[in-house]
Structure formats: C-alpha cells, structure tokens
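# Notes for the structure review
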Amino acid sequence: MRLRENYGGVPRGLPLGYEVRTGVELWSTWEDMVVTIAGPRTGKTTSYSIPHIMAAPGPVIATSNKRDIVDATRGPRSERGRVDIYDPQQVYGVAPEFSWPPLSYVTDEVTAKKMAAHFAAGSRELGAHTDAFFDPAGQDLLTGFMLAASMANYDIIQVPTWLAQPGNQEPVEILRHYKFDVLADILLSHVTGPSDQRGGIYGTAQTMTTCLSTRTILPWIVCSDDRPVFDPDLFVRSGGTLYSISREGQGSTGPLVTALTVAVVEAAERYANQCVGGRLPTPLVGALDELANICRWGDLPDQYSHFGSKGIILNAILQNWAQGELVWGEKGMWKLWAAANIAIYGGGVKERAFTENMAAAIGEYERLDVSDSRSESGRSVSRSHHMRSIMPASDLESLPRGRSVIFASGARPCLVKTRPWMNEPYAPDIRASIDTYGPKAVKRKVHQ
Ligand SMILES: Nc1ncnc2c1ncn2[C@@H]1O[C@H](COP(=O)(O)OP(=O)(O)OP(=O)(O)O)[C@@H](O)[C@H]1O
Ligand SMILES: [Mg+2]
C-alpha cells in the first residue's frame, strides 16, 4: 500500500490493521476507495467505522442504522468542528437543529430523476419484486412531480399531496411554464391516462414516498425561520461531521439519508473540481455503514472509482455479498468490489460462492507430502506435490473476530489483526464521548 506524503496535513490514510505475518501497520492512502463486507457483530463499527472517523483530517459523513457510531465519535469530532445529526426517523432521538429540504438538490431533469430513484430504491424491501411497467412509470411520475414542486418553490410534501389528487394537472403546467416540455408530456400521459392504469402508477409512486407521510419528519425536510438550512457546499469546505441515521424496512427514511449523502458527495466533487489538481485540499472521509439497507445509492458502482482521485474517500460497508447484488445487481456489485482499491472481508459471511471466490483470489501453495513405507523388499520413500488452498472457503467463513482479510490493488491479499478503537491511544476520548452522549447519559439527564 502506497503512501502519499502529507496530503491534507496528515501523512497516512485510513488504518487497516496489522499484517499478521509481519506485524506491520497497514494504512490506505488518501486516494484509496474501500469496500468492507463483514457479517453482523463482527466488529465493522468498532474496527473500521470508528477508527476511520478518528483518522479523518477533514469533513466526515457517516451513515448508520444505530446510534453507536454517533455516541462514540461525537465528542472527539465536536472538538474539530461542527457536528450535524440528521435523524428524521428519530433513531438517535435528537431534536432537529437544522433542516435539509431535499428539493434544494433538484434543479433539472437529471437531479429530479436521481431523487426519484433514491425514493424508489429506498422504499422497497431488499429483493422485493418490481413491476416492469408500474415501477418505471411510478418513478417517472415522481420525477415530474419533484421537478415541478422544486420549480414552483414548494416543499417536497407537495409531492404526496399531488399523488393524492389523480388528474390534477398543476405539475404539468409548472413544467411547461419552465420549458421542461418533454417531461411535461410524459407527466401528462400519466396524469390523464386511463383510470385503472393511472391508479396503479399513482399507487406505486405513493408507496415510494411513504416516508414523507410521517408528520415527525417535517422539521427535518421543511425550512423554518428558527433552524438553519444544511448546505452541502459549505459543509464540504468545513471540517464538520454529518451523521445520517435511519431505520431500515417499512417507512424507512433511507431515501432521505441517501439523497443527503449523494448531495454532500456531489458537492465535494464540485469543490474538488475547483481545487488544485482536482482534489479536495483535505480529504472527505465517508463511513457508509449499512449501505444496502439505508443508503441505496444506485449509481455508486459507476462512480466509485473516480472519487478516490478527488480526495473523496468512502468505505462502503455491507453485511454480505447478496445485499449488494440486491441493490446493484450482480454486475453492479462486481463493479463496486472491483472499483475499490481496498476490499476488506471481516468474516461472518457464509455465502459459498463469495467465500470460494475470495479463496481463489488468495491463491494456493504447493505442499510436499512425504510417505515412508516399509515392506519385505525394504523401505521406500515417496514424495508427491499437491496444490492446496492457502485459506479455504471454510476458513474464511469461520474467520475469528479481530481478523480480516485485505485485498488491496497491487498487493497480495493479507490476513490482518484489526485495530478496535479500545486498543488505540484515543480510546479514553471515545469512552468519554459514550459517557457524555450514550443512552446512559441520556437516561441520567431525564432523571435529574
Ligand atoms: N476486535 C475486537 N475485540 C474485542 N471486542 C470486539 C472486537 N470487535 C468488536 N468487538 C465487540 O463486538 C461487538 C460488536 O462489534 P461492532 O458493533 O463493532 O460490530 P458490527 O459488525 O458493527 O455489528 P452490527 O452488524 O450490529 O453493526 C461490540 O460489543 C464490540 O465491542
Ligand atoms: Mg455496526
């Protein structure tokens, strides 16, 4: 793994662990993109997300479906800059201190289409059947409604309102007024289509926007005078931290988490393009935990490889290979895995095809078997050579906690001892943060 001296004021990238064979510390560079696949409770947060956040020299974005990552790093990160917690589903339970209107991202057909795609992907159960007609048509309807709402300066909650009024042509007229004629024609065909078909399309789009119908999310997505609006362009120029949290499953606010994450990363790209060498002056670190559950970013595999050269360093964390295939398809998942300069396998996965692929990538060694036999005619020694897997699939499936296998481009795969935060010099800071912000601290405050 190469070192790029002193980028962003720090000589090294993200900590990856100690190579078991040599004890050498391994670090990524500030150009490497990371993908981590590890089963539940294997130490993804303890050994990767938290240490990566602690190593970040500049802005950090973190996604999660749990509060642990926020509790552990909120204290140390507050000392480095502003901390924002986006928690529309109240997983963490903080009051909204800012709002982010998702339509601030939507300025044209392309951004409207992306926003609709986040809602489509994030609202269905992983692997749920999609209808070849109604799904794309529902997504078209959402695209048109989102762009029309944005152009007319409505909040995003205007979209469910229009969805409850089949036949209302206001969004079509808005699109015509702003000269989005093609989109207006497509929208008109859905808005005025035969009622059976229209009912199916509106129903599909309503399912995609289920999370917008919960009243408690309004302060997070609607601007008000008493809360600042989150600005992704300012954020990427700061040393701040953005935690985005959502539950998975029915009513998940995953689409909002995805939309905000994408808005920040795209703002980082725009900023990088204005900077010397097309790179951020200080890298942005993204600890994207539970990606397949709460941040289903459809374009990610296509974009992943070029983020590294811009100083946008993401770790896409999945619990297994199948999750990735359900979000991006088989080809997309392979693309993501291949685009990452560093792929980490942290154990706890029992998908034979995946573990056999890794075993093949780790390779074989030649074993010499010597057999010694005696007979009446004397002693005979025979030697035979056999190729054996260095780390067979069964060993990968039973990898103990505290070990990972790292596949880095340009280097042989290696077994590493992970670096859980408890063993690091900054452990007291994490403990203090958990004491201050963790659930026990919250309970203490309630009883006082
Ligand atoms: N290397 C380690 N040494 C000792 N304890 C560890 C180690 N790694 C993880 N743990 C402990 O194991 C538990 C699970 O760790 P962690 O929450 O990091 O796993 P995870 O993969 O993020 O889990 P989840 O899938 O639930 O998000 C925690 O209690 C953590 O303290
Ligand atoms: Mg975790």
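The structure presented is a predicted model; accordingly, all values stated were derived computationally and were not measured.

## Quick word on the overall build of the protein chain
- Counting secondary structure elements, the protein chain contains 18 helices and 13 strands.
- Against the globule reference of 22 Å for 448 residues, the protein chain gives a C-alpha radius of gyration of 25 Å, in line with a compact fold.
- Considered along the principal axes of its C-alpha atoms, the protein chain spans approximately 100 × 55 × 50 Å.
- The burial tally for the protein chain puts 47% of its 448 residues in the buried class.
- The contacts in the protein chain between residues at least 6 apart in sequence include a share of 77% that link residues at least 24 apart.

## Things to note about the site of ligand 1
- In the vicinity of ligand 1 lie 13 residues, with G43, K44, T45, T46 and G402 positioned nearest.
- Looking at the shell around ligand 1 residue by residue, the classes come out as three nonpolar, seven polar and three charged.

## Side note on the packing of helix α4 (residues 134-151) against helix α8 (residues 195-208)
- Taken N-terminus to C-terminus, the directions of α4 and α8 make an angle of 70 degrees; their axes are 8 Å apart at the nearest point. Between α4 and α8, the crossing angle belongs to the class labelled roughly perpendicular. Along its contact with α4, which presents F134, D135, A137, G138, L141 and L142, the element α8 presents G200, I201, Y202, T204, A205 and M208.
- Grouping the amino acids of the contact of α4 with α8 by side-chain chemistry returns eight nonpolar, three polar and one charged.

## Topic: the environment of P283
- Within the secondary structure, P283 sits in the loop between α11 (254-274) and β7 (284-288).
- On the basis of neighbour count, P283 is assigned to the buried category, with 28 C-beta atoms found within 10 Å.
- The sequence separation of P283 and A268 amounts to 15 residues, and the corresponding C-alpha distance is 9.4 Å.

## A few points about the pairing of strand β9 (residues 342-345)
- Burial along β9 is two-sided: the face carrying I342 and I344 and the face carrying A343 and Y345 are both buried.
- Two elements, strand β3 (residues 34-37) and β9, share four bridges in a ladder whose sense is parallel. When the sheet's bridge partners are listed, T36 is paired in β9 with I344.
- Note that β9 and strand β12 (residues 403-408) share four bridges and pair antiparallel. Following the sheet pairing, I342 is matched in β12 by A408.

## Thoughts on the nonpolar core
- One finds M146, L336 and A340 to be the most contacted residues of the largest nonpolar core, which totals 128 residues.
- Counting residues per element, this core draws most heavily on α11, which supplies eleven residues.
- Mapping this core onto the domain boundaries places at least three of its residues in each of domain 1 (15-89 + 239-248 + 264-348 + 399-447) and domain 2 (102-215).
- Excluding its chain neighbours within four sequence positions, the residues that come into contact with M146 are L103, V106, A112, M115, A116 and V159.

## Focus: the domain arrangement of the protein chain
- Each domain of the protein chain was delimited in the assignment, giving domain 1 (15-89 + 239-248 + 264-348 + 399-447) and domain 2 (102-215).
- The C-alpha-based centres of domain 1 and domain 2 are spaced at 33 Å.
- Here the side of domain 1 that touches domain 2 is built from residues that sort into two nonpolar, two polar and one charged.

## Comments concerning the packing of helix α2 (residues 68-78) against helix α17 (residues 427-437)
- The geometry of α2 relative to α17 is characterised by a closest axis approach of 7 Å and an angle of 110 degrees between their N-to-C directions. It follows from the interaxial angle that α2 and α17 lie roughly perpendicular. Regarding α2 and α17, the two cross each other, and that crossing is right-handed. Where α2 abuts α17, its residues V70, D71, A72, T73, R74, G75 and P76 lie against D429, I430, A432, S433, I434, T436 and Y437.
- Each residue belonging to the contact of α2 with α17 can be placed in one class, and the counts come to seven nonpolar, four polar and three charged.

## Thoughts on the pairing of strand β11 (residues 378-389)
- With respect to burial, β11 is a largely exposed element, only zero of its twelve residues being buried.
- Bridge count for strand β10 (residues 364-375) against β11 is twelve bridges, and the pairing is antiparallel. Within β11, the residue paired with S373 across the bridge is S380.
- Two successive antiparallel strands, β10 and β11, enclose a turn made up of two residues.

## Considerations on the environment of M358
- Position of M358 relative to the elements: it lies in helix α15 (residues 352-362).
- The class of M358 is buried, set by 20 C-beta atoms lying within 10 Å.
- On a C-alpha basis, the gap between M358 and M391 in space is 8.8 Å, while along the polypeptide they are 33 residues apart.
- Once residues lying within four places of it in the same chain are set aside, the contact partners of M358 are Y345, L396 and V405.

## Examining helix α7 (residues 181-191)
- Along α7, the residues classified as buried are L183, A184, L187, H190 and V191. Projected down its long axis, α7 carries its buried residues within an arc of 125 degrees, all on one side. Opposite the buried face of α7, by more than 90 degrees, sit the exposed residues D181 and V182.
- The inward-facing, buried residues of α7 contact α3 (109-123), α4, α6 (170-177) and α8.

## Thoughts on the confidence of the model for the protein chain
- In this model, the protein chain carries a mean pLDDT of 92, and residues with pLDDT of at least 70 account for 96%.
- Here helix α18 (residues 439-447) stands out as the least confident element of the protein chain, with mean pLDDT 63; β3 is the most confident, with 98.
- Overall, residues 1-6 carries pLDDT values under 50, and its contacts beyond four positions in sequence, including any with other chains, amount to 15 contacts.

Rules and cut-offs
Residues numbered from 1 in each chain as written. Chains lettered and ligands numbered in written order. Predicted model: local features only at pLDDT ≥ 70, side-chain atom pairs only at ≥ 80, totals over all residues. Helix = DSSP H or I, 4+ residues; strand = E, 2+ residues; numbered from the N terminus. Rg over C-alpha atoms; globule rule 2.2 N^0.38 Å. Buried ≥ 20, exposed ≤ 12 C-beta atoms within 10 Å, placed from the backbone. Contact = placed C-beta atoms within 7 Å. Near = placed C-beta within 6 Å. Nonpolar A, V, L, I, M, F, W, Y, C, P; charged D, E, K, R; others polar. Axes fitted to C-alpha atoms, helices over the stretch in contact; angles between N-to-C directions. Parallel < 35°, antiparallel > 145°, perpendicular 65-115°, else oblique. Pairing = 2+ DSSP bridges. Core = buried A, V, L, I, M, F, W, Y, C linked by C-beta atoms within 7 Å. Domains from an automatic or database assignment. Left-handed = near helix turned anticlockwise from the far one by under 90°. Arc of directions from axis to C-beta. pLDDT = per-residue confidence, 0-100.

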